[in-house]
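# Summary of the model geometry
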Amino acid sequence: MNISSLNLTAIAPQIIIIITALVVLLAELFTGRKSLLAYLSLLGIIVAAIASWYIWNGTEQRLFAVPMFQTMAVADGYSLFLNLVFLVTAALSVLASINYLVRERINHGEYYALLLLATGGMMLMGSATDLMTVFLALEILSISLYVLAGFNRADLKSGESALKYFLLGAFASGFLLYGIALIYGATGTTNLAAIVDFLKGTGPMRGTYLFIGLGLLLVGFSFKIALVPFHMWTPDVYEGAPTSVTAFMSVGAKAAGFAALGRLLLYAFPTLLGDWVWALAVLSVLTMTLGNLTALAQTNVKRMLAYSSIAHAGYILIGLIAANEAGMAGVLFYLLAYAFMNVGAFAVVIAVGREGEPNLELSDYAGLGSRQPLLAAAMAVFMFSLAGVPPLAGFFGKLYIFSAAVQAGFVALAIIGVLNSVVSAFFYLRVIVYMYMQKPIVEARPVLAPPLALAIALAVLGTIGLGLLPTPFLTLAQQSIAMLFGA
Amino acid sequence: MNQLGFPLLSLIIFLPLCGAVVTLFLRKEAVIKWWALIVTVANFFLSLPLYFYFQSGTAEMQFVERIPWMLSLGVSYHLGIDGISLFLVLLTTFLIPVAVLSSWTYITEKVKEYMILMLLMETSMVGVFAALDLILFYVFWEATLIPMYFLIGIWGGERRIYAAVKFFLYTLAGSALMLVAIFVLYFMNAQATGRPTFDLLELQKFSVPLAAQTWLFLAFALGFAIKVPLFPFHTWLPDAHVEAPTAGSVILAGVLLKMGAYGFIRFCLPLFPAAFAYFVPLMSILAIIGIIYGSLVAFSQSDVKSLVAYSSVAHLGFVVLGIFALNAQGLSGGILQMVNHGLSTGALFLLVGMLYERRHTRLIDEFGGLWKQLPLFGIFLLIVTLSSIGLPGLNGFIGEFTILVGTFQANWIYAALAATGIVLGAWYMLTMLRRVMHGPLDKPANRQLQDLSAREIVVLVPVVIFIFLIGLFPNLFFGKMESSVDTLLSQTRATISMGEPNP
Amino acid sequence: MLSDYTFIGIFVVVAIAFPIIALALAFFVRPKKPDAVKSSTYECGLETIGETWVQFRVQYYVYALVFVVFDIETVFLYPWAVAYNKLGLFALVEMFIFLAILVGGLIYAWRKGALEWV
């Protein structure tokens, strides 16, 4: 064994992020200026993005896969596109956090280190080609998030959030691990490529262990990406966690779960997908419908966004169920769009609040259109995009996913999907109603700190940009998944 | 073909958008108003070459622009107009400056946002009528919702929020299924021909299997029927109209409702001809119910604006009836009646708005004898009312008469029933006119009213000119649409006769 | 004829039986003369003070965590040292990276005051 067989360049983005996390952790000890840590994190994120881009451009065709660490992980188009999603999420969250942490008096340096570690875990999940790596990455990600959820130590709700997240997350990890064990028992390997070979060798024969193992794996992932009925933890955790953390994990953790699930189902177990496709379809319908219906009843914006993020997991799942190239490309595009619009929406939630006054109720948004027109306009863009109104990013995400579902013959699923987006329009519109059509209750003008304003502006830019010029990003997404189906 | 060799349609679509972006940076209210007016008037003049360079002898799409947009999916930025959409584009570019000018003093709050939304409205509406790609069409179609939602919700009346949300959700629900139907159509075509495309002209060549036609037609028709609105999907309309600000009502009645009827002609008819023929009885009966029901409800209204709103339901019933007559007279009458309704109902909303600005009420009982106080206003109201009830020599007559001729050829019972609608229309409109304008001027508040200002006359005169122009020289309009309508119908008939008449 | 599982089975049976037999034998053979000191809780040979149900200082846990850092280090270092000759330069570099990360953890704990008994 030698160093070159590890292919360190291929894993460079992940390494850069992890090293940055450690550097930030140590730098915190020797500096009093916490904002320095944030900018250090941003630097790391940008360098990691450049590294991803460099790997992407390093080969002539995009049909490549650079295995590393003896096929424990891989750098291919799929993982690199997901790196983009995770890095965007992380960068926007860091920008949104800087002044929020000061305001809430929880400005501890570990925050950025944990956030970066979680990002590293997410990126590893996107590139994992071994069930052990999947599990390892998931734990790096989850443990960092458990701590982040409880980061506001003085706040009981934050503590509750962390504990709930930890207990249910550990429970889910148990399912996942048991599933992995059963799959190992059935196939004799945890490596995805070896599993593919094994399944080719056995032909149509499917062991009971494999079947149950995959089922348990699905349950584990369902917990992680909050599919109904495994979603019960989500609203409390999202509501209790500091808002900047909620923004980060509602997008990042979900995207990471879908990343690993997508590779597992479409690359390793395409034959078994048939056995589970109806179960997944039921999960998707339940998730969309319950998420949206419950969100209708919310008056707390943060909680409403929590339920809406459950519903969005349902939409994205449709793309996986379609199990074709269009569907998976749609999933990737949707995740990128979702990163911009959802983190953006949470950033606005941060901006509207003040210290000790979270200002999370709908009525706190009354008259925002006249109190702070730019902020309200940004929120309106995010809400319309989440509702799937053209020509914004969210619309094209849904367009691709639903069209893939129709292509794969799941017309009913597509119909339920579009009907759900109509239902969801109602509660997204309600925020806009409050902002523009109600008289302000308080006259206070939310103060926008420059980094937060930058985060919101970038998110708006992304949401509109992906809507007006979806082609380059969709092409990118289509090229990225070629590996998944090429094998 | 593009006879100009120049992307005129894109220019018409995106000039208002650019105007809206510039408006963002303007500060003074007066400057903003003038700027919006200049942009929209300029856009109207920019759209006039569409009429003059339009070639009547061909059914081909004209002023075509085509750029690939999402290549891998087969979505293209494909614009073009024919005799069917020409007048709807012109109607849009004509009504927007009128609407802008009519809100000069009516809108006092958030003028900047208001004008930006008006300009965005124009962009998306022209886009709907010019788009020849299903996805592009859908994008513009949905994009019209956002500005209208804000126009109603921010500058509307008492129950504006309820009306705005209802408007948004109804229309969104209607078009949601259309999106799925578009996908189904796309993949059917891709499987059959191997060329994935959302291009309308390509998809028209593909004959959809009969069994699928029914479902696809219904999915498309639901979206269009809600927009028109066809009975029983009309309940959002009175709310939206009554609560919307004057200019909002003008645009809603003048252009937005036409998008539904236009959708039937442009998409349902050529794409699903057999299903279209199959559903003629159902749709015609719904249209007739709409005509009679709308008229009766209009008569019982105490608010002038909701009276006009319900009269819209009746008038649009005529349009749908004409379209589903499936012959040249019915179809071209339907198209012309769309323009007529845009003009006369638009003008009615303008007049009601002017009255409301003066008296801050729209209850018919609050008025009476206004003729003595407001003679100029009275003259305009008289002309517009007569146009709306179809007096020969004015535009409404031409449209309704042609539709009835077409319907009579198709089914005389439908024509007879629809004709009662004309009588009812005359009845409620004239009653309204009598109660508002005639009789003694016995309300003291009415004695203070000022007659129309110069600006208001400038708003109304162009509309009235067109009311007369269409009434006296209908062939200026029919001539341009003739070959498009004939070709559409002959293609449809050929397809229907090839397959079985009933799916 | 014995399969691998049979060996495990025998092992399990012996493992369970051995302590039971040993304890049972002791129970029957030993003299029984209890007194106050003998019945008290055994705590490193010292006399017990106060309740056993007390809260521990948080430092105990912090210490435990720091201990884990060195524990892992040893667990990993030992096999590394055994196989060092086969691994070559690569393993040396790898181990230094590993140690650097652990030192980072130690520095963090040190600066945060985890090593001070307050």
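Residues numbered from 1 in each chain as written. Chains lettered and ligands numbered in written order. Predicted model: local features only at pLDDT ≥ 70, side-chain atom pairs only at ≥ 80, totals over all residues.

### As for the overall build of chain A
Under the convention used in this document: Secondary structure counts use DSSP, requiring at least four H or I residues in a row for a helix and at least two E residues in a row for a strand, with both numbered from the N terminus. Exposure is read from a count of other C-beta atoms within 10 Å of each residue's own; the residue is exposed at 12 or fewer, buried at 20 or more and partly exposed in between. C-beta atoms are placed from the backbone.
A count of helices and strands for chain A gives 20 helices and two strands. Counting only C-alpha atoms and orienting by the principal axes, one finds that chain A spans roughly 70 × 55 × 45 Å. Taking all 487 residues of chain A together, 63% fall into the buried category.

### A look at the interface of chain A and chain B
To keep things clear, this is the line we draw: By definition, residue pairs are in contact when their C-beta atoms, positioned from the backbone, come within 7 Å. All residues other than Ala, Val, Leu, Ile, Met, Phe, Trp, Tyr, Cys, Pro, Asp, Glu, Lys and Arg, Gly among them, are scored as polar; the first ten of these are nonpolar and the last four charged.
Taken together, the contact between chain A and chain B spans 26 residues of the former and 26 residues of the latter. Contributions of two or more residues to the side of chain A that touches chain B are made by α16 (393–407), α17 (411–437) and α19 (470–480) of chain A. Of the residues contributing to the side of chain A that touches chain B, the split by class is 20 nonpolar, six polar and no charged.

### Looking at the arrangement of the chains
Ranked by contact count, the leading pair among the two pairs of chains in contact consists of chains A and B. As for chain C relative to chain B, no contact occurs, and the smallest C-alpha gap between them is 46 Å.

### A few points about the environment of L290 of chain A
Residues and elements named next belong to chain A. By the element assignment, L290 lies in helix α11 (residues 270–296). Classification of L290 as partly exposed rests on a count of 18 C-beta atoms within 10 Å. In sequence terms L290 and P229 are 61 residues apart; their C-alpha atoms lie 9.1 Å from each other.

### Notes on the packing of helix α9 (residues 233–240) of chain A against helix α12 (residues 301–322) of chain A
All names here are of chain A. Inclusion rule: Here an axis means a line fitted to C-alpha atoms, over the contact stretch when the element is a helix, while the angle between two N-to-C directions is reported on a 0 to 180 degree scale. Roughly parallel covers angles under 35 degrees, roughly antiparallel covers those over 145, roughly perpendicular covers 65 to 115, and oblique covers all other angles. Whether a crossing is left-handed or right-handed is set by the direction in which the near helix is turned from the far one by less than a right angle, anticlockwise for left-handed and clockwise for right-handed.
As a packed pair, α9 and α12 sit with axes 9 Å apart at the nearest point and diverge in direction by 140°. Put simply, α9 runs oblique to α12. Between α9 and α12 the crossing geometry is right-handed. Facing T234, P235, Y238 and E239 of α9, the residues of α12 in contact are K302, R303, A306, Y307 and I310. For the contact of α9 with α12, a count of residues per class yields five nonpolar, one polar and three charged.

### Side note on the nonpolar core
Condition: Nonpolar cores are built from buried Ala, Val, Leu, Ile, Met, Phe, Trp, Tyr and Cys residues. These are joined into a set through C-beta atoms within 7 Å.
Core analysis: the biggest nonpolar cluster contains 412 residues, and A347 of chain A together with V180 of chain B have the highest contact counts within it. The biggest single contributor to this core is helix α13 (residues 325–352) of chain A, with 23 residues. With residues near it in sequence (within four places) discarded, A347 of chain A still touches L92, A96, A247, L452, A455, I456 and A459 of chain A.

### Observations concerning helix α4 (residues 111–130) of chain B
Formally: By this rule, a helix spans an expected 1.5 Å times one less than how many residues it contains.
An ideal rise of 1.5 Å per residue puts 28 Å on 20 residues; α4 of chain B measures up with 29 Å between its terminal C-alpha atoms. For α4 of chain B, the buried fraction is high: 19 of the 20 residues fall into the buried class.

### Details of the confidence of the model for chain C
Parts of the model with low pLDDT should not have their predicted coordinates read in detail. Residue and element names in this part refer to chain C. This is how it is decided: Known as pLDDT, the predictor's per-residue confidence is scaled from 0 to 100.
Scored by pLDDT, chain C has a mean of 83; 97% of the residues are at 70 or more. Of all the helices and strands in chain C, helix α2 (residues 36–39) carries the lowest mean pLDDT, 77, while helix α1 (residues 4–29) carries the highest, 91. Two summary scores accompany this predicted model of the complex, namely pTM at 0.85 and ipTM at 0.80.

### Focus on the packing of helix α13 (residues 280–299) of chain B against helix α14 (residues 304–323) of chain B
Residues and elements named next belong to chain B. Close contact between α13 and α14 brings their axes to 8 Å; oriented N to C, the two are set at 160°. Considering the angle they form, α13 stands roughly antiparallel to α14. Considering only the axes of α13 and α14, their crossing is left-handed. Together, M283, S284, A287, I288, G290, I291, G294, S295, V297 and A298 of α13 and L307, Y310, S311, V313, A314, G317, F318, V320 and L321 of α14 make up the contact between the two elements. Within the contact of α13 with α14, the residues separate by chemical class into 13 nonpolar, six polar and no charged.

### What about α13 of chain B?
Residue and element names in this part refer to chain B. Counted at 1.5 Å a residue, the expected span for α13 with its 20 residues is 28 Å, and the 28 Å between its end C-alpha atoms agrees. Residues of α13 that are buried: M283, S284, L286, A287, I288, G290, I291, G294, S295 and A298. Residues of α13 that are buried in the fold lie against α14 and α19 (412–437).

### Section: the environment of F137 of chain B
Considering the arrangement of structural elements, one finds F137 of chain B in helix α5 (residues 134–143). Along the sequence, F137 of chain B and L331 of chain B sit 194 residues apart, while their C-alpha atoms lie 22 Å from each other.

### What about unusual backbone geometry?
The residue after V228 of chain A, namely P229 of chain A, is reached through a cis peptide bond having omega 5°. Position of P229 of chain A relative to the elements: it lies in the loop between α8 (208–224) and α9. The omega angle of the peptide bond from V228 of chain B to P229 of chain B is -10°, so this bond is cis rather than trans. As for its position among the elements, P229 of chain B is in the loop between α9 (210–227) and α10 (236–243). A positive phi angle, near 55°, is found at R105 of chain A, a position not held by glycine. Since 11 C-beta atoms lie within 10 Å of it, R105 of chain A is described here as exposed. At L326 of chain B, a residue that is not glycine, the phi angle is positive and equals roughly 55°.

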